[in-house]
Amino acid sequence: MNIYNAIKKGSKILKKKNIKFPDLDCEILLASVLKKQRKYLILNLDKPLNKKNFEIYIDLINQRSNGKPVAYLTKKKDFWNSEFIIEEGTLIPRPDTEVLIEATLELFKKKDYANVLDVGVGSGCIILSILKEKRCFYGKGVDISSKSISLSELNAKKLSLENRVKFIK
């Protein structure tokens, strides 16, 4: 089985379940299994997959066909200009939420310093995106979920922002 055929097989499974973007989902899932970027797949369509990777990929396709979001399967989601770690039990950042980042940056474009509060922090994507853009801003994220707090702390560390933000349950 090569990359091209694996994507086609996965896409066929997802199409039967009316998944909205079957080819895209298959590419993202296979790239995740191979620990490569999507462009690698496109440039290596004839490259064979080993049996183990194919089995892992098909398992992910089956989970996706049952409605599990791609972000929960790959445990990551791009948001604003960063990649965030995502886990089940936290909300997946949505592209339309990026409007909040734009509005905040516009509102504070002439400010050199500010403290930001994010209530219901989830994965930390909103507050961390703002802090990444504004180097002299500091923040606090609050959530009732211990899982969200832990995940936000992981994302802060990944983005080297752990010294500028505190997460509180």
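Residues numbered from 1 in each chain as written. Predicted model: local features only at pLDDT ≥ 70, side-chain atom pairs only at ≥ 80, totals over all residues. Heavy atoms only, no water.

Let us look at the overall build of the protein chain. Along its length, the protein chain carries eight helices and five strands. Put simply, the protein chain runs from its N terminus to its C terminus through helices and strands in the order α-α-α-α-α-β-β-α-β-α-β-α-β. When each of the 169 residues of the protein chain is scored for burial, the buried share is 41%. Summed over all atoms, the accessible surface of the protein chain reaches about 10,300 Å², with 53% contributed by carbon and sulfur. Placing the 33 positive and 20 negative side-chain charges of the protein chain at their respective mean positions leaves the two points 3 Å apart. (Helix = DSSP H or I, 4+ residues; strand = E, 2+ residues; numbered from the N terminus. Buried < 20%, exposed > 50% of the residue type's maximum accessible area, 1.4 Å probe, protein only. Areas by Shrake-Rupley, 256 points an atom, 1.4 Å probe, with all protein chains shown as cover. Lys, Arg positive; Asp, Glu negative; His and termini not counted. Charge placed at Lys NZ, Arg CZ, Asp CG, Glu CD.)

Our next topic: the sheet that holds strand 3 (residues 114-119). Here three strands make up an open sheet; going across it, the order is 3-4-5 and the pairing parallel. The open sheet terminates on both sides in strands that have one partner only, identified here as strand 3 and strand 5 (165-168). Adjacent strand axes in the sheet meet at a mean angle of 15 degrees, parallel and antiparallel pairs treated alike. Pairing between strand 3 and strand 4 (residues 137-142): six bridges, direction parallel. When the bridges of strand 4 are listed, aspartate 118 appears paired with glycine 141. Packing of helix 7 (residues 125-133) onto the sheet brings it into contact with strand 3, strand 4 and strand 5, and relative to strand 4 it is tilted by some 175 degrees. (Pairing = 2+ DSSP bridges. Axes fitted to C-alpha atoms, helices over the stretch in contact; angles between N-to-C directions. Contact = heavy atoms within 4.5 Å.)

The next subject is the environment of glutamine 63. Among the structural elements, glutamine 63 can be located in helix 4 (residues 51-65). Distance in space between the C-alpha atoms of glutamine 63 and leucine 14 is 9.9 Å, their sequence separation being 49 residues. Sequence-distant contacts of glutamine 63, defined by excluding residues within four places in its chain, comprise Lys68 and Leu73.

The interhelical angle for the contact between helix 1 (residues 3-16) and helix 4, taken along N-to-C directions, is 20 degrees, at an axis separation of 9 Å. By the angle between their directions, the pair helix 1 and helix 4 is classed as roughly parallel. Handedness of the helix 1/helix 4 crossing: right-handed. Contacts from Ala6, Ile7, Lys9, Gly10, Ile13 and Leu14 of helix 1 reach helix 4 at Phe54, Tyr57, Ile58, Ile61, Asn62, Arg64 and Ser65. Of the residues belonging to the contact of helix 1 with helix 4, the class tally is eight nonpolar, three polar and two charged. (Parallel < 35°, antiparallel > 145°, perpendicular 65-115°, else oblique. Left-handed = near helix turned anticlockwise from the far one by under 90°. Nonpolar A, V, L, I, M, F, W, Y, C, P; charged D, E, K, R; others polar.)

Considering all chains together, one arrives at eight salt bridges under this definition. Between arginine 38 and glutamate 27 there is a salt bridge, with its nearest N and O atoms 2.8 Å apart. With arginine 38 in helix 3 (residues 38-43) and glutamate 27 in helix 2 (residues 22-34), this residue pair connects regions lying 11 residues apart in the sequence. Taking the relative accessible area as the measure of exposure, glutamate 27 reaches 16% and is therefore buried. Here glutamate 106 ties to lysine 109 by a salt bridge, and the two come within 2.9 Å at their closest N and O atoms. One continuous salt-bridge network, built from bridges that share partners, spans Lys76, Glu83 and Lys158. (Salt bridge = Lys/Arg side-chain N within 4 Å of Asp/Glu carboxyl O.)

Here the focus is helix 1. Taking 1.5 Å as the rise per residue, helix 1 with 14 residues should run 20 Å; its terminal C-alpha atoms sit 20 Å apart, in good agreement. Of the positions making up helix 1, those classed as buried are Ile3, Ala6, Ile7, Gly10, Ser11 and Leu14. Down the axis of helix 1, the buried side of the element spans an arc of 130 degrees, and every buried residue falls inside it. Seen from the open side of helix 1, the exposed residues pointing more than 90 degrees away from its buried face are Lys12 and Lys16. Those residues of helix 1 hidden inside the fold are in contact with helix 2, helix 3 and helix 4. Among the residues of helix 1, the N-terminal cap falls to asparagine 2, whose side-chain oxygen and the backbone nitrogen of tyrosine 4 are separated by 3.3 Å. Two residues or fewer past helix 1, asparagine 18 is found with a positive phi of approximately 60 degrees. (Expected span 1.5 Å × (residues − 1). Arc of directions from axis to C-beta. Polar contact = N/O pair within 3.5 Å; in protein donor to acceptor, adjacent residues only side chain to side chain.)

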